[in-house]
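So you can see what is in the structure, the chains are spelled out below.
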Amino acid sequence: MTVIILLLGVSISVSAIFLAGFIWSVRHKQYDDEFSPPVRILFDDKPKEV
């Protein structure tokens, strides 16, 4: 029974850390780039020089 309580506490702690990381990344605008991913595929990296 003690092991179940210990594992429950550890799993809640780990999930709280991941939730805090996700909230931090949203607040620091890590997911705000909506333009470049669909357009990036249309352009080559660098033109080849002959």
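Predicted, not measured: the structure shown is a model, and the values here were computed from it. (Residues numbered from 1 in each chain as written. Predicted model: local features only at pLDDT ≥ 70, side-chain atom pairs only at ≥ 80, totals over all residues. Heavy atoms only, no water.)

Participant: Outline the overall build of the protein, supporting the account with residue identities and numerical values.
Facilitator: Across its full length, the protein holds two helices and zero strands. Against the 2.2 N^0.38 benchmark of 10 Å for 50 residues, the protein shows a C-alpha radius of gyration of 21 Å, more extended than a compact globule. Referenced to the eigenvectors of the C-alpha coordinate spread, the extents of the protein come out at roughly 70 × 25 × 15 Å. Across the 50 residues that make up the protein, the buried fraction comes to 2%. In the structure as shown, the protein presents an accessible area of about 5,400 Å², 69% of it carried by carbon and sulfur atoms. Within the protein, one finds 5 positive and 6 negative side-chain charges whose respective centroids are separated by 6 Å. (Helix = DSSP H or I, 4+ residues; strand = E, 2+ residues; numbered from the N terminus. Rg over C-alpha atoms; globule rule 2.2 N^0.38 Å. Buried < 20%, exposed > 50% of the residue type's maximum accessible area, 1.4 Å probe, protein only. Areas by Shrake-Rupley, 256 points an atom, 1.4 Å probe, with all protein chains shown as cover. Lys, Arg positive; Asp, Glu negative; His and termini not counted. Charge placed at Lys NZ, Arg CZ, Asp CG, Glu CD.)

Participant: Account for unusual backbone geometry, naming residues and giving values.
Facilitator: Look at K29: it is not a glycine, yet its phi comes out positive at around 60°. In this structure, K29 sits in the loop between α1 (2–27) and α2 (36–40). Overall, K29 belongs to the exposed group, its relative accessible area being 59%.

Participant: Account for α1, naming residues and giving values.
Facilitator: Counted at 1.5 Å a residue, the expected span for α1 with its 26 residues is 38 Å, and the 38 Å between its end C-alpha atoms agrees. Just past α1, the residue K29 takes up positive phi, approximately 60°. (Expected span 1.5 Å × (residues − 1).)

Participant: Any details on a nonpolar patch on the surface? Residues and values, ideally.
Facilitator: Taken together, L19, F22, I23, V26 and Y31 make up a surface patch of nonpolar side chains, about 500 Å² in accessible area. Among the structural elements, F22 can be located in helix α1. (Patch = residues over 30% accessible without salt bridge, like charges linked within 9 Å, V, L, I, M, F, W, Y side chains within 5 Å. Salt bridge = Lys/Arg side-chain N within 4 Å of Asp/Glu carboxyl O.)

Participant: Requested: an account of the packing of aromatic side chains, with residues and values cited.
Facilitator: Tallying each qualifying case throughout the model produces one aromatic pair. For the pair F22 and Y31, a centre-to-centre distance of 6.1 Å together with 45° between the ring planes defines the contact as tilted. Here F22 falls in the partly exposed class, since its relative accessible area comes to 46%. What makes Y31 exposed here is its relative accessible area of 54%. (Phe/Tyr/Trp six-rings, centres within 6.5 Å; stacked < 30°, edge-to-face > 60°.)

These figures capture arrangement, not role.
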